[in-house]
2 protein chains.
Amino acid sequence: MDAAEQLFARRGFAATTIKMIAAESGQNSALIYYYHDSKAALYRHVLERVIGTIADGARRRIAPGSDPERVVRGVVESQVAVLAGNPHLPVLLARELIDWKAAHAEPAIRHLSATLFQELTKAIADGQATGEFRPDIDPTFAAISTIAQVGYLVLASPIAGILLGRGLDGPTDGDIQAFGQHAADFALAALRRPAVPATRASNRLEETTT
Amino acid sequence: MDAAEQLFARRGFAATTIKMIAAESGQNSALIYYYHDSKAALYRHVLERVIGTIADGARRRIAPGSDPERVVRGVVESQVAVLAGNPHLPVLLARELIDWKAAHAEPAIRHLSATLFQELTKAIADGQATGEFRPDIDPTFAAISTIAQVGYLVLASPIAGILLGRGLDGPTDGDIQAFGQHAADFALAALRRPAVPATRASNRLEETTT
DNA sequence: GTCTATAGGCTGATAGAC
DNA sequence: GTCTATCAGCCTATAGAC
């Protein structure tokens, strides 16, 4: 499974052969068919295992019910932590997105969407309700913008690498950590209601929203 | 070439066969080898053609030297326009990123980085110099956050589709247009210096930066 | 459970007629 | 330029010895 995960991530499903996996793991290729029905089944097993670690990591890191700002930071930090802890997770997930339109990952994505993402969206809406965040932003779009930053950095890692002067190998771990910090700050700077000078118009708005 | 572009985008390099391309384009498979040296060469030609359209689209849309806010909007709008105009561009590019670490696209990416991206970064730095933008954000990171939003929406399109309630087929064209508008607003909201109430401290800061 | 051997099919690429 | 025919090699998957 480890060998398969590595190879599927590095070369993709179609370009990885059963014999490669056997060689990489020092086993016989026929043995793989003793444990898995087919190459496709092996791939499903690998993917399910990897997705399990995302779900675990995400679940453990979000303290629900805390204030909006902490939720935003928590989500971005959990992205960074999960991605940093599983080196070929982003590649494997990216391949799944593109090769199968995430068909195998759909249940997991829907679950993350229904929990983590909804919580982020709700935190943003809550922040708007209390007047902490500006009201003129769609909470769903804002949540996507928030997670998109770190997501793009790892999905488009060769591009990000060039933009950061690191070359095609992509950002370093340090870059990702630093960018994660920035991403949370950036999202919160966009969300926070600007401290407008006290005019009548803004006062009226303040009263209706608090 | 059109058939090859479509198939390479839909199924990937390894999973696309020369005979598939021949069948799709109503030609003989041997004829492909008359025009292209190998499958890999055909892929390179397809990719070069596609990348040309990105470069063209980007070049035509950015008015250099305009004010920082216009540059930010222009970059995001050009992303949306190029992606909307070329349906399988994001998929093909995503596959190139992941299958070859963008090795074939490197010159184009470096060029876009040296022109478009540097211009965006410079516009942000300029905005900071004039006091229009807050100074406590790294311009390079801010530029990545800006382009990451629409980039993520199309690269992780099945995820974005689920988050937006559209399913695995991803966001609609309308979604991408609307999100592009939001993305520019979101980035500018993050960048703009908050209009702090006039205290002595903020006045002092104002005087040193303008 | 682990191995060897191999079937059966598809692939990229070429030779050569027209 | 376009076609048919075909090769040599690699692939997934299985049969069967141990």
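Along each chain, numbering runs from 1 in the same order as the chain's sequence is written. To label them, take the chains in the order written and letter them from A, then take the ligands in the order written and number them from 1. In keeping with the model being predicted, local features are shown solely for residues with a pLDDT of at least 70 and side-chain atom pairs are shown and tallied solely at 80 or more, while totals for entire chains, interfaces and linings include all residues. Hydrogens are left out, water is left out, and the side-chain values use all remaining heavy atoms of the structure.

(A) Seen up close, the protein's contact with DNA strand D. Not every one of the 14 residues close to DNA strand D is listed here, only the nearest: A:Thr17, A:Tyr33, A:Lys39, B:Asn28 and B:Tyr35. The side chain of A:Tyr33 places a nitrogen or oxygen atom 2.7 Å from a phosphate oxygen of DNA strand D. A 3.5 Å cut-off defines polar contacts: any pair of N or O atoms within that distance qualifies, except that in protein one atom must be a possible hydrogen donor and the other a possible acceptor, and neighbouring residues in sequence count only when both atoms are side-chain atoms. Backbone polar atom of A:Lys39 to a phosphate oxygen of DNA strand D: 2.8 Å apart, as the coordinates give it. Secondary structure counts use DSSP, requiring at least four H or I residues in a row for a helix and at least two E residues in a row for a strand, with both numbered from the N terminus. Contributing elements (two or more residues each) for the surface near DNA strand D: α2 (18-24) and α3 (29-35) of chain A together with α3 (29-35) of chain B. Here the surface near DNA strand D gets four residues from one element, more than from any other, and that element is α3(B). When at least one non-hydrogen atom of a residue lies within 4 Å of a molecule or strand, that residue is treated as near it.

(B) Structural detail: the protein's contact with DNA strand C. Around DNA strand C, the neighbouring residues are A:Asn28, A:Ala30, A:Leu31, A:Tyr34, A:Tyr35, B:Thr16, B:Thr17, B:Ile18, B:Ala30, B:Tyr33, B:Ser38 and B:Lys39. Considering the 4 Å shell around the protein, atoms of DNA strand C inside it are sugar or phosphate in 68% of instances. Measuring from a phosphate oxygen of DNA strand C, one finds a side-chain N or O atom of A:Tyr35 at 3.1 Å. At 2.7 Å from a phosphate oxygen of DNA strand C is found a side-chain nitrogen or oxygen belonging to B:Tyr33. Counting only elements with at least two residues in the surface near DNA strand C, the list comes to α3 of chain A together with α3 of chain B. If you tally residues by element for the surface near DNA strand C, the top one is α3(A), at four residues.

(C) Focus on the nonpolar core. What makes a nonpolar core is a set of buried Ala, Val, Leu, Ile, Met, Phe, Trp, Tyr and Cys residues whose side-chain atoms join them at distances within 4.5 Å. Accessible area is worked out with a 1.4 Å probe on protein chains only. A residue is then buried under 20% of its type maximum, exposed over 50%, and partly exposed in between. With 137 residues, the main nonpolar core has A:Phe8 and B:Phe8 as its most contacted residues. For this analysis, residues touch if any pair of their heavy atoms sits within 4.5 Å. Contacts of B:Phe8, omitting those with residues within four sequence positions, involve B:Phe13, B:Thr16, B:Ile21, B:Lys39, B:Leu42, B:Tyr43, B:Val46, B:Leu92 and B:Arg95.

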